[in-house]
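Chain by chain, the residues:
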Amino acid sequence: MPEQTIIIGHKEFQVACQPGEEGFLLAAAEMLDAEARTLLDQIGRVPAERMLLMSGLMLADRTAGVEDKLKAAEAELASLREEISRLHARPMPEPRHIEVPVVPQDITDALTELAARAEAVADDLEQGK
């Protein structure tokens, strides 16, 4: 088993871990050290056992808060997934019938005739008649 030297609250500790777990151990020690340093900055000198206990409790408190947020996020995610499933399962709405007014043919013909006359007048004006 590899041994790692970790520093928590300015104190060195020798800790053994499984092969390949060194990175996890160092990351955990870094988190515990951050809490210990905060504690030492606030209180000053503290016996190692008490420093480790208080740092562990502070870290556990922070972890509990994160777990609460995670549970709330998971509950919200589950609710949103249920809503998505419900929306996918419901039948498609019936198509709506929309009536579009139709312009009567005699009006269309009259407008076409007027457009043709207007073009003829425009042509005459361009030719100087």
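Shown above is the structure to which this text applies.
Since this is a predicted model, take the numbers as computed values, not measurements. As a convention, each chain's residues are numbered from 1 in the sequence order in which they are written. Totals for whole chains, interfaces and linings use all residues, but because this is a predicted model, local features are given only for residues with pLDDT of at least 70 and pairs of side-chain atoms are given and counted only at 80 or more. Side-chain numbers come from the whole structure's heavy atoms, not from hydrogens or water.

A short note on the overall build of the protein chain
Line of reasoning, step 1. Along the backbone of the protein chain there are three helices and two strands.
Line of reasoning, step 2. The way it works is that DSSP assigns letters per residue, a run of H or I at least four long becomes a helix, a run of E at least two long becomes a strand, and they are numbered from the N terminus. Along the protein chain, helices and strands appear, N-terminal first, in the series β-β-α-α-α.
Line of reasoning, step 3. Radius of gyration: C-alpha atoms only; globule rule: 2.2 Å multiplied by the number of residues to the exponent 0.38. Radius of gyration (C-alpha) of the protein chain: 40 Å, far over the 14 Å computed for a compact globule of 129 residues.
Line of reasoning, step 4. The principal-axis extents of the C-alpha atoms in the protein chain amount to approximately 110 × 50 × 35 Å.
Line of reasoning, step 5. Put simply, the protein chain has 129 residues, and 13% of those count as buried.
Line of reasoning, step 6. Contact criterion: two residues are considered in contact whenever any of their non-hydrogen atoms come within 4.5 Å of each other. Within the protein chain, contacts between residues at least 6 apart in sequence are counted, and of these 32% link residues at least 24 apart.
Line of reasoning, step 7. Exposure was quantified through the Shrake-Rupley algorithm and a 1.4 Å probe, taking into account, for residues, occlusion by the shown protein chains and nothing else. As presented, the protein chain carries roughly 10,900 Å² of accessible surface, and 59% of it is formed by carbon and sulfur atoms.
Line of reasoning, step 8. In the protein chain, 13 side chains carry a positive charge and 25 a negative one; their mean positions are 8 Å apart. For each residue, the accessible area found with a 1.4 Å probe, counting protein chains only, is set against the maximum for its type, and the residue is called buried under 20%, exposed over 50%, and partly exposed in between. Residues counted as positive are Lys and Arg, residues counted as negative are Asp and Glu, and His and the chain ends are not counted. Where a charge sits is defined by one atom per residue type, namely NZ (Lys), CZ (Arg), CG (Asp) or CD (Glu).

With respect to the side chain of Glu35
Line of reasoning, step 1. Tracing the sequence through the fold places Glu35 in helix H1 (residues 22-43).
Line of reasoning, step 2. Residue Glu35 is classed as buried on the basis of its relative accessible area of 5%.
Line of reasoning, step 3. The residues contacting Glu35, other than those within four sequence positions of it, are Ser55, Met58, Leu59 and Arg62.

Considering the environment of Ala60
Line of reasoning, step 1. Tracing the backbone shows Ala60 in helix H2 (residues 48-89).
Line of reasoning, step 2. Counting along the chain gives 28 residues from Ala60 to Leu32, while the straight-line C-alpha distance between them is 9.9 Å.

Some points on the packing of H1 against H2
Line of reasoning, step 1. H2 packs onto H1 with a crossing angle of 115° between their chain directions and a minimal axis gap of 8 Å. The orientation of H1 relative to H2 falls into the category roughly perpendicular. As H1 runs across H2, the sense of the crossing is right-handed. On H2, the residues touching Met31, Leu32, Glu35, Ala36, Thr38, Leu39 and Leu40 of H1 are Met51, Leu52, Met54, Ser55, Gly56, Met58, Leu59 and Arg62.
Line of reasoning, step 2. Throughout, the ten residues Ala, Val, Leu, Ile, Met, Phe, Trp, Tyr, Cys and Pro are labelled nonpolar, Asp, Glu, Lys and Arg are labelled charged, and all others, Gly among them, are labelled polar. For the contact of H1 with H2, the residue count by class is ten nonpolar, three polar and two charged. In this analysis an axis means a line fitted to C-alpha atoms, helices contributing only their contacting stretch, and an angle means the value between N-to-C directions, from 0 to 180 degrees. To sort the angles, those under 35 degrees are grouped as roughly parallel, those over 145 as roughly antiparallel, those from 65 to 115 as roughly perpendicular, and the leftovers as oblique. Put simply, a crossing is left-handed when the front helix is turned counterclockwise from the back one by less than a right angle, and right-handed when it is turned clockwise.

A look at the nonpolar core
Line of reasoning, step 1. Put simply, a nonpolar core is a bunch of buried Ala, Val, Leu, Ile, Met, Phe, Trp, Tyr and Cys residues held in one set by side-chain atoms that sit within 4.5 Å of each other. Judged by nonpolar contacts, Ile6, Ile8, Cys17, Leu25, Ala29, Leu32, Ala36, Leu39, Leu40, Val46, Met51 and Leu59 together constitute the single largest core of twelve residues.
Line of reasoning, step 2. Mapped by element, the contributors of at least two residues to this core are strand S1 (3-8), H1 and H2.
Line of reasoning, step 3. When residues in this core are grouped by element, the largest group, six residues, is from H1.
Line of reasoning, step 4. If near-sequence neighbours (up to four positions away) are discounted, Cys17 is found in contact with Met1, Pro2, Gln4, Glu22 and Leu25.

Describing the pairing of S1
Line of reasoning, step 1. By the alternation rule, side chains of S1 split into Gln4, Ile6 and Ile8, which are all buried, and Glu3, Thr5 and Ile7, of which none is buried.
Line of reasoning, step 2. Where S1 meets strand S2 (residues 11-16), six bridges bridge the pair, whose relative direction is antiparallel. From the neighbouring strand, Thr5 faces S2, where its bridge partner is Gln14.
Line of reasoning, step 3. Strand pairing is assigned whenever DSSP identifies at least 2 bridges connecting the two strands. As consecutive antiparallel partners, S1 and S2 are separated by two residues, and within that stretch Gly9 has a phi angle of approximately 60°, a positive value.

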